[in-house]
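Remarks on the overall topology
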Amino acid sequence: MNSSRSLTETRFGAAFYAWLRDRWTAGLALRSDIALILVVSTTWAVLYNLQFWHLSVAAMWHPAPGAALFLTSLFVVVVCLQALLLALVPTRVGLRIAASALFLVAAASSFFASDYGAVMNTEMMRNLIETDRAEVGGLMSFDLFAHLLVLGVAPAVLVWRVTLPSSTWRAQLRQRLIFIGCALAVCAVALFACSANYAVFFREHKTVRYALSPAAPVVSLARLLSAKQKRDPHAPLIDPAGNVQRIGGISDKPLVLFLVVGETARAANFQLGGYSRATNPELTGRTDLVYFDHATSCGTSTAISVPCMFSHLPREHFDVEQADRYTNLLDSVTKAGFAVEWRDNNAGCKGVCARVVQAAYPGKSDPVHCPNSYCYDEVMLTDLDARLEHLQQDTVVIFHTIGSHGPAYSERYPPQFEVFKPACRSNELQRCTAQEVVNAYDNSILYTDHVLAKQIDLLQANASRFDSLLLYASDHGESLGEQGIYLHGMPYAFAQRVQKEVPMLFWASQGYVERTGLNMSCLKAHAHDAISHDNLYHTVLGALAVSNAVYDRGLDLLAQCRSALPASHE
Ligand SMILES: [Zn+2]
């Protein structure tokens, strides 16, 4: 479905390019600013919104005159609204600058909407501004480059080749005000004429509007920036956790927690959760770990999920804009006397690690572990032996992995982990067969299995010197082409289950089990309970025998299976 749409766009692109070339040589004379605005807006509506029209028709079409009238009116409304974006720019030069910039935005967003089913909401814009060079590099392709050149750069330049009759700024302003009034009136008439259809369209098919190019990314970015603007950067940190206490489980031996934050691993492809392929050959053999097979994530993107996983607030009350105003799990653990260290082989900790020791790995010149833009996750273990050898203090190490980050799944694992073949080697997933995409993705899960097993082995090898535990949870899942959707980041309410169902697992050393009176059989009996990222904050506190003012025993996954319980503060 997607590749044929891409092909159609390419053909459209070729015809459009020929037209552009003619206009380039002949120049394009238009009668007024308003004519330019309408030409640009109509071009966007027709050429840059194939995904928007595809989704709108799929959502609203039925063979009746009312549906035809609605879709016609929707076209008019789209042209008018996007024209208003331009009409609001006061000067002619400003209009040309805005039109050029928006052609580039429209070209990029139409590419990702069509090829990946990407949704241009505020979360996508947040991912965009919080990304890093390596992540951007992972998305670059010849197709994207060609698309940007033909549908972005060429028309952006052409806008400057348009000749307009000279007129005073007063006349231009008057034209614009009249046009704005008319456009709003046309929209009002269209909305009124098909009001029932619009009510359904806006209420039941909210995601469709996020495919509109270039309005959706522009409006979403403006919303995100205005929310950020409202924040007072000097506001003091709010500490809902209050006093922190160590309760029970005291021992001469240090306590070590490996908290592994997975990336883009979806529960559906974990053998431990019943997946038919052997993606967890190393962990499946272990009887000393518990795999939670009904876990859901807080968000569908790293930018939401990671801060949420470390927040005391449940998903329902979590607001990512407010997250860094509050102290988080790591602050309480630090206060309780633990050495806390954040190891990042991803695009940063999204503010979570602001007050703890950090180490970043992407871009390291390590030919074994870092042949690509990102390193393989084992890079975070390279100096760990030495670190553990001298360990005296209770310690928490967070591993922020690159896991199964797409679309270049095949770059996430060393060649010897390419077990499922043939694997998609392109970052343009549409160029691979569905099976090749799944093969590459499964290889990345296989490698995650290996890294986790290695981390557990490392802790076990030190069992005589310290007690230890490991908790793993992926930040969100992934779509692998289901209904033409790839990657992740859909609005939570509409996201496919595969983007929200994540693997979570727990392992503890024998010493830890004895020290805390943890009953692993009891925990295994609860392995099928419906749990979520909401449980993480409280489970980690409880597991480390730490209590604070917001610790909720009801959300601590280990509480009911442990005899030496930290008391709830309530
Ligand atoms: Zn992520």
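Overview of the structure. Predicted model, so just to flag it, every value in this text is computed and none were measured.

1. Side note on helix α6 (residues 122-129)
For α6, the complete set of buried residues consists of Glu-123, Met-124, Met-125 and Arg-126. Structurally, α6 contributes buried residues whose contacts are with α11 (215-229) and α13 (302-309).

2. Points about the packing of α6 against α11
Closest axis-to-axis distance for the α6/α11 pair is 8 Å, and the angle between their directions is 75 degrees. If you check the angle between α6 and α11, you find them roughly perpendicular. Residue-level contacts link Thr-122, Met-125, Arg-126 and Ile-129 of α6 to Pro-217, Ser-220, Leu-221, Arg-223, Leu-224 and Lys-228 of α11. For the contact of α6 with α11, a count of residues per class yields 5 nonpolar, 2 polar and 3 charged.

3. Points about the nonpolar core
Residues Tyr-48, Phe-52, Leu-74, Leu-86, Phe-258 and Leu-470 are the most contacted members of the largest nonpolar core, which totals 112 residues. Contact partners of Leu-86, with chain neighbours within four places excluded, come to Ile-37, Val-40, Trp-44, Leu-95, Ala-98, Ala-99, Leu-102 and Arg-176. Among the nonpolar cores identified, the runner-up in size contains 51 residues, and Phe-292, Leu-471, Leu-523 and Ile-531 belong to it.

4. What about the sheet that holds strand β9 (residues 467-474)?
Spatially, 8 strands are ordered β7-β6-β8-β4-β9-β12-β5-β13 in an open sheet, and the strand pairing comes out mixed. Only two strands of the sheet have a single neighbouring strand rather than two, namely β7 (357-360) and β13 (531-532). Inspection of the sheet shows β9 paired to strand β12 (residues 501-508) by 5 bridges, in the antiparallel sense. Its bridge partner lying in β12, Tyr-472 is registered against Leu-505. Each of β4 (255-262), β5 (289-296), β8 (395-400), β9 and β12 touches helix α16 (residues 434-461); the most contacted strand, β9, lies at about 165 degrees to it.

5. Thoughts on the state of the cysteines
Taken as a whole and judged by the stated rule, the model has 5 disulfides. Put simply, Cys-298 and Cys-308 are joined by a disulfide, and their sulfur atoms are 2.0 Å apart. On the S-S bond that ties Cys-298 to Cys-308, the torsion sits near 80 degrees, and the link is right-handed. Here the residue Cys-298 occupies a position in the loop between β5 and α13, and Cys-308 occupies one in helix α13, the gap between them amounting to 10 residues. Comparing Cys-298 with Cys-308, the two get one shared label, buried. The closest cysteine sulfur to the non-disulfide-bonded Cys-187 is located on Cys-80, 4.6 Å from its own sulfur. Cys-194 forms no disulfide, and the closest cysteine sulfur to it belongs to Cys-187, at a distance of 12 Å.

6. Here's the deal with a nonpolar patch on the surface
A cluster of nonpolar residues, Leu-104, Phe-142, Phe-145, Leu-149, Val-153 and Val-157, forms a patch on the protein surface that exposes about 570 Å² of accessible area. Among the elements that take part in the nonpolar patch, helix α8 (residues 142-158) stands out by supplying 5 residues, more than any other. Looking at where Val-153 falls in the secondary structure, it is placed in helix α8. Here Val-153 falls in the partly exposed class, since its relative accessible area comes to 37%.

7. Some remarks on the coordination of the zinc ion
Looking at the zinc ion, the protein donor atoms are Glu-263 (OE), Glu-263 (OE), Thr-302 (OG1), Asp-475 (OD) and His-476 (NE2), and they sit 1.9 to 2.7 Å from it. Each donor residue of the zinc ion belongs to the same chain, with the gaps between them written as E-x38-T-x172-D-H. Residue classification places Asp-475 among the buried residues on the basis of a relative accessible area of 0%.

8. Regarding the pairing of strand β6 (residues 339-344)
Taken across its 6 residues, β6 has 6 buried, putting it largely inside the fold. Judged by which residues are buried, β6 turns out to be covered on both faces: Ala-339, Glu-341 and Arg-343 on one side and Val-340, Trp-342 and Asp-344 on the other are all buried. With 6 bridges joining them, β6 and β8 adopt parallel strand pairing. The residue bridging Ala-339 from the neighbouring strand is Thr-395, located in β8. Direction of pairing for β6 relative to β7: parallel, over a ladder of 4 bridges.

9. Thoughts on a positive patch on the surface
Residues Arg-203, Lys-206, Arg-209 and Arg-223 make up a contiguous surface patch of positive charge. Position of Lys-206 among the secondary structure elements: in the loop between α10 (195-204) and α11.

10. Let's talk about the pairing of β5
Judged from the 6 bridges that link them, β5 and β12 form a sheet pairing that is antiparallel. Bridged to Phe-292 within β12 is Met-504.

Conventions adopted
- Residues numbered from 1 in each chain as written.
- Predicted model: local features only at pLDDT ≥ 70, side-chain atom pairs only at ≥ 80, totals over all residues.
- Heavy atoms only, no water.
- Buried < 20%, exposed > 50% of the residue type's maximum accessible area, 1.4 Å probe, protein only.
- Helix = DSSP H or I, 4+ residues; strand = E, 2+ residues; numbered from the N terminus.
- Contact = heavy atoms within 4.5 Å.
- Axes fitted to C-alpha atoms, helices over the stretch in contact; angles between N-to-C directions.
- Parallel < 35°, antiparallel > 145°, perpendicular 65-115°, else oblique.
- Nonpolar A, V, L, I, M, F, W, Y, C, P; charged D, E, K, R; others polar.
- Core = buried A, V, L, I, M, F, W, Y, C linked by side-chain atoms within 4.5 Å.
- Pairing = 2+ DSSP bridges.
- Disulfide = S-S within 2.5 Å.
- Patch = residues over 30% accessible without salt bridge, like charges linked within 9 Å, V, L, I, M, F, W, Y side chains within 5 Å.
- Areas by Shrake-Rupley, 256 points an atom, 1.4 Å probe, with all protein chains shown as cover.
- Salt bridge = Lys/Arg side-chain N within 4 Å of Asp/Glu carboxyl O.
- Donors = N, O, S within 2.8 Å, 3.2 Å for Na, K, Ca; no water.
- Lys, Arg positive; Asp, Glu negative; His and termini not counted.
- Charge placed at Lys NZ, Arg CZ, Asp CG, Glu CD.

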